[in-house]
Amino acid sequence: VAPPPKKKEVGPADWTQYAIDTPTIEGLKKADREGYTTAFHRARTMTACPIGKGGTCCKICNMGPCRVLPPKGKDETPEERKKRTGLCGATPETIAARNFARMVAAGAAAHSDHGRHVAHTFLHAAKGELPDYQIKDIPKLFAIAMDYDIPTEGREIKDIAIDVGKRALQQYGQQDGEILNVKRAPLKRQEIWKQEGVIPAGIDRPVVEVMHMTHMGVNQEMEHIIRLATKCSLADGWGGSMIATDLSDILYGTPVPILGKVNLGCMKEDTVNIIVHGHEPSLSEIIVQAVQDPEMIAYAKSKGATGGISLGGICCTSNEILMRHGIPVAGNYLQQEIAVITGALEAIVVDVQCVMQGLAELAKCFHTQVVTTSPIAKMQGAYKHYSYDERYGLETAKAIVKDAIDNFPNRDKNKVSIPTEQQDMVVGFSHETISYMLGGMFRASYRPLNDNIINGRVRGLAGIVGCGNARVKNDYLHVELAKELIKNDVLVLTTGCSAIALGKAGLLTPEASKYCGAGLAEVCETVGIPPCLHMGSCVDNSRILMAATAVVRDGGLGDDISDLPAVGCAPEWMSEKAVSIGQYFVASGVYVLFGVGFPTINEDVCTNYLFKDIEKTYGGRWDFVEKDPYEMAKRIIAQIDAKRKALGIDK
Ligand code: CUV
Ligand code: SF4
């Protein structure tokens, strides 16, 4: 049973216990001095609900909500346990599994809908209907066309692209058969999925199916609920997220290593400061163009911003334009409010996911414009809403930028305090790029990495991903865990807000090899890579799946992802998307460790299944450590060593 949520905290806060980076700590102190409230402040006075936490509250019908929390501090007899059900008789494990499944469905829906929008934009761009969007990566277009069984020989690029766009969109509504990208997985993995019946027919259907089967009185067998949730998660990882990544690469360019910068120092005293926040790249890509327009820059200067315009990003929209254009990252999830508190932010332009509603209230204390841009995401109290339509891309982007420029003279100089912190980082490690760096342009391959895993210079691979969470010290778990792992020769692959945390801590630079064990340091220095590789946004966790598959393909480390000394971890997760990601990694054969909390942790039967028995089926399983990064590292390394032993490559 998880520890009870922390007691309410009173009195002045020591913010060094809540964050590790100076701009955040300073921003929180400023909030105290001037009376602003952030998620960090609210976390001190609001405790998490002790009944709902850990999966033991059912509210799916109007006879409930029913609470099925185990009794505190004493053991139950089997008879007592049997009586502990909801009004309808639903067992605690059914309730926990249903809650878990609904989180997977919400996460899968978010990623997949993002992928759908990319595919939609892609198709219309391919048809030539969107003047501000062009197909950028032709080789990847051909590669994806091949994967989609679309003929390429002697055909126009345009026609191939139209077919790819149509085929991607068709995956969403497909009712029979299998989604295309599962064919990319190792054969043995596909066999397991077939046997379990978890290969999704389409991308949308399993989301609906989970919502249906978790409706009152439908699926009431824990393992079967998890099975259908697994299918839904695969529709995310090998479906919607993979489409989002692949088509974004073709449309906006496949990332290659470039130098980037991270932290709030990207904002300047003498520039109009604009931050994009959210997930979908379609508008932010065009805002990148708009802020570079000489006319816009001249206009900014005419309003007194002598330095022109500074664009920065937060969360995954930021990762997208960082990887492709080197646009600086202002911060990760919990810095969205801190960016406003600088008093120097003219506009924060948000699309979907991970945007806190608290932003709107906070922005009212300043001149900051909160601009919502997605047809599905409005916010009460926001400055303006655009239902973004790609046909008018640059026009809309320029209108937003112009508004922000006009807002510059409203900045209150007395409220401004911009942090100077900014950290260099090397980013842009798509799985394709990694194989080029390892094997050379003409022999692109993961084999050199495999050899280094076999000879033990690289002990294993760890994906560190996911959000920040105001219930724990921000970034601390990401950073300490990564340091501990690279010290033990584990190569870290990172995405999302975790990648931004590692960036701030300087771990995305080649110089970070000073924290590495001798073996990993040697490999990083030879190949010229940092010990932590920024692979992109949260949908780009699909790149990690592809990298793992390529490692299997290139030989020497078994014949399935579950044979690899590779693990996944989301130490500070908060979003439902993280649960979907975790589940598709487990189903792909990976050990996945969560921090802060686990959706079923207060219900032992379902948790036992997810933490133990599920491994017999998929070779992957879940685990949980609340907030000790060293214990996390210990378990991850033990897992890696066990896999090495099974492969016969332990020293
Ligand atoms: Ni896509 S899901 S907070 S890691 S972006 Fe950051 Fe992100 Fe949200 Fe979680
Ligand atoms: Fe309670 Fe059953 Fe209704 Fe859930 S479905 S709220 S357990 S009566």
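Residues numbered from 1 in each chain as written. Chains lettered and ligands numbered in written order. Predicted model: local features only at pLDDT ≥ 70, side-chain atom pairs only at ≥ 80, totals over all residues. Heavy atoms only, no water.

## So, the site of ligand 2
Stated precisely, the cut-off is as follows: For this description, a residue counts as near a given molecule or strand if any of its non-hydrogen atoms is within 4 Å of it. Residues are grouped as follows: Ala, Val, Leu, Ile, Met, Phe, Trp, Tyr, Cys and Pro are nonpolar; Asp, Glu, Lys and Arg are charged; every other residue, Gly included, is polar.
Inspection of the region around ligand 2 gives 13 residues, with C58, C61, G64, C66 and C88 positioned closest. Counted by class, the shell around ligand 2 contains 10 nonpolar, 2 polar and 1 charged residues.

## So, the sheet that holds strand β12 (residues 490–495)
Quick reminder of the rule: Strand pairing requires that DSSP identify at least two bridges connecting the strands. Each helix corresponds to a stretch of at least 4 residues labelled H or I by DSSP, and each strand to a stretch of at least 2 residues labelled E; elements are numbered beginning at the N terminus. For helices, the axis comes from a line fit to the C-alpha atoms of the stretch in contact; other axes are also lines fit to C-alpha atoms, and the angle between any two N-to-C directions lies between 0 and 180 degrees. The criterion used for residue contact is that any of the two residues' heavy atoms lie within 4.5 Å.
Ordered by their spatial adjacency, 6 strands build an open sheet running β13-β12-β11-β14-β15-β16, and the pairing between neighbours is parallel. Each end of this open sheet is capped by a strand with a single partner; those strands are β13 (532–536) and β16 (622–624). For this sheet, the mean angle separating the axes of adjacent strands, direction not counted, is 25°. Pairing analysis gives 4 bridges linking β12 to β13, with the strands arranged parallel. When the bridges of β13 are listed, L493 appears paired with L533. Packed on one face of the sheet, helix α24 (residues 629–647) meets β11 (460–464), β12, β14 (566–570), β15 (591–594) and β16 and runs near 175° to β15.

## Description of helix α12 (residues 315–325)
Rule in force here: Relative accessibility decides the category of a residue: with a 1.4 Å probe and only protein chains considered, values under 20% of the type maximum give buried, values over 50% give exposed, and everything between is partly exposed.
Most of α12 sits out of view: 10 of its 11 residues are buried. When we look at burial in α12, the residues that qualify are C315, C316, T317, S318, N319, E320, I321, L322, M323 and R324. G326 sits one or two residues past α12 and shows a positive phi near 70°.

## Comments concerning the coordination of the nickel atom of ligand 1
To be explicit about the condition: Atoms are scored as donors when they are N, O or S and lie within 2.8 Å of the metal, with 3.2 Å used for Na, K and Ca; no water is included, so coordination may look incomplete. Four donors are marked tetrahedral only if all angles between them lie between 85 and 135 degrees, whereas four are marked square planar and six octahedral if opposite donors are more than 155 degrees apart and the other angles lie between 65 and 115; the remainder are marked irregular.
The protein atoms donating to the nickel atom of ligand 1 are H279 (NE2), C316 (SG) and C538 (SG), with metal-donor distances spanning 2.3 to 2.4 Å. Classification of the site at the nickel atom of ligand 1 rests on its 4 donor atoms, whose angles at the metal span 72 to 158°, yielding the label irregular. Of note, the donors binding the nickel atom of ligand 1 are all from one chain and are spaced H-x36-C-x221-C. Of this pair, H279 sits in the loop between β4 (271–277) and α10 (281–292) while C316 sits in helix α12, and the two are 37 residues apart along the sequence. An identical accessibility class is assigned to H279 and C316; each is buried.

## Describing the site of ligand 1
Definition in use: Domain start and stop points were drawn from an automatic or database domain assignment.
Inspection of the region around ligand 1 gives H279, C315, C316, Y333, C354, G466, C467, C497, C538, M574, S575 and K577 as its neighbouring residues. Mapped onto the domain boundaries, the shell around ligand 1 takes at least three residues apiece from domain 2 (264–415) and domain 3 (440–647).

## Structural notes on the pattern of salt bridges
Quick note on the threshold: Take a side-chain nitrogen of Lys or Arg and a carboxyl oxygen of Asp or Glu: if they are within 4 Å of each other, that pair is a salt bridge.
According to the stated counting rule, one finds 44 salt bridges in the structure shown. With a shortest N-O distance of 2.8 Å, R635 and E631 are connected by a salt bridge. With a gap of 4 residues between them, R635 and E631 both fall in helix α24, about one helical turn apart. Classification of R635 as partly exposed rests on a relative accessible area of 29%.

## Concerning the packing of helix α9 (residues 222–252) against helix α23 (residues 604–618)
Under the convention used in this document: When the near helix sits turned anticlockwise from the far one by under a right angle, the crossing is termed left-handed; a clockwise turn instead gives a right-handed crossing.
Two elements in contact, α9 and α23, have axes separated by 11 Å at closest approach and are oriented at 60°. The handedness of the crossing between α9 and α23 comes out as right-handed. Between α9, through M222, E223, I226 and T230, and α23, the contact on the second element is made entirely by V605, C606, Y609, L610, I614 and Y618. Of the residues contributing to the contact of α9 with α23, the split by class is 8 nonpolar, 1 polar and 1 charged.

## Here we look at the packing of aromatic side chains
Threshold: In this analysis, rings of Phe, Tyr and Trp, with Trp reduced to its six-membered ring, are considered paired at centre separations within 6.5 Å, and the interplanar angle assigns stacked below 30 degrees, edge-to-face beyond 60, and tilted for intermediate values.
Considering all chains together, one arrives at 12 aromatic pairs under this definition. With 4.7 Å between their ring centres and 85° between their planes, F594 and W622 make a pair best called edge-to-face. On the criterion of sequence distance, the pair formed by F594 in strand β15 and W622 in strand β16 is long-range, its members being 28 residues apart. Each member of the pair F594 and W622 is classed as buried. These aromatic residues form a ring-pair network of at least three members: F100, W573, F594, F598, F611 and W622.

## Notes on the pairing of β14
Condition: By convention, orient the strands away from the viewer: a clockwise path from the first strand over the helix to the second makes the crossover right-handed.
Most of β14 sits inside the fold, with 5 of its 5 residues counted as buried. Of the two faces of β14, the one lined by A566, G568 and A570 and the one lined by V567 and C569 are each fully buried. When β11 meets β14, the two strands line up parallel, connected through 4 bridges. Each residue of the ladder has a partner; that of I464, found in β14, is C569. Direction of pairing for β14 relative to β15: parallel, over a ladder of 4 bridges. Residue pairing in the sheet places G568 in a bridge with V592 of β15. With helix α22 (residues 576–587) bridging β14 and its parallel neighbour β15, the resulting β-α-β unit is right-handed.

## Overview of the domain arrangement of the chain
The test is simple: Defined in terms of a 1.4 Å probe, buried area is the accessible area two parts forfeit on being brought together, summed over both.
For the chain, the assigned domains read domain 1 (92–252), domain 2 (264–415) and domain 3 (440–647). Taking only C-alpha atoms, the centre of domain 1 and the centre of domain 2 are 30 Å apart. Listed per partner, the contact involves 16 residues of domain 1 and 18 residues of domain 2. Buried surface at the junction of domain 1 and domain 2, both sides included, amounts to about 1,300 Å², of which 52% is carbon and sulfur. Joining domain 1 to domain 2, the criterion identifies 1 salt bridge.

## Concerning the pairing of β11
In terms of burial, β11 is a largely internal element, 5 of the 5 residues being buried. The parallel pair β11 and β12, bridged by helix α18 (residues 476–487), forms a crossover whose chirality is right-handed.

## Some words on α9
Put simply, the test is: One less than the number of residues in a helix, times 1.5 Å, gives the span that helix is expected to have. Note that the bend at a residue is defined as the angle between axes fitted to the seven residues ending at it and the seven residues starting at it.
In this model, α9 (31 residues) spans 42 Å end to end at C-alpha, consistent with the 45 Å of a helix rising 1.5 Å per residue. At M242, α9 is bent by approximately 40°, the largest bend along its length. With 28 of 31 residues buried, α9 lies mostly within the body of the structure.

## Some thoughts on the environment of V291
Turning to its location among the elements, V291 is positioned in helix α10. On the accessibility criterion, V291 (8% relative accessible area) is buried. Spatially, the C-alpha atoms of V291 and K577 are 31 Å apart, while their sequence positions differ by 286 residues. Contacts of V291, omitting those with residues within four sequence positions, involve I274, I297, I309, L311 and V401.

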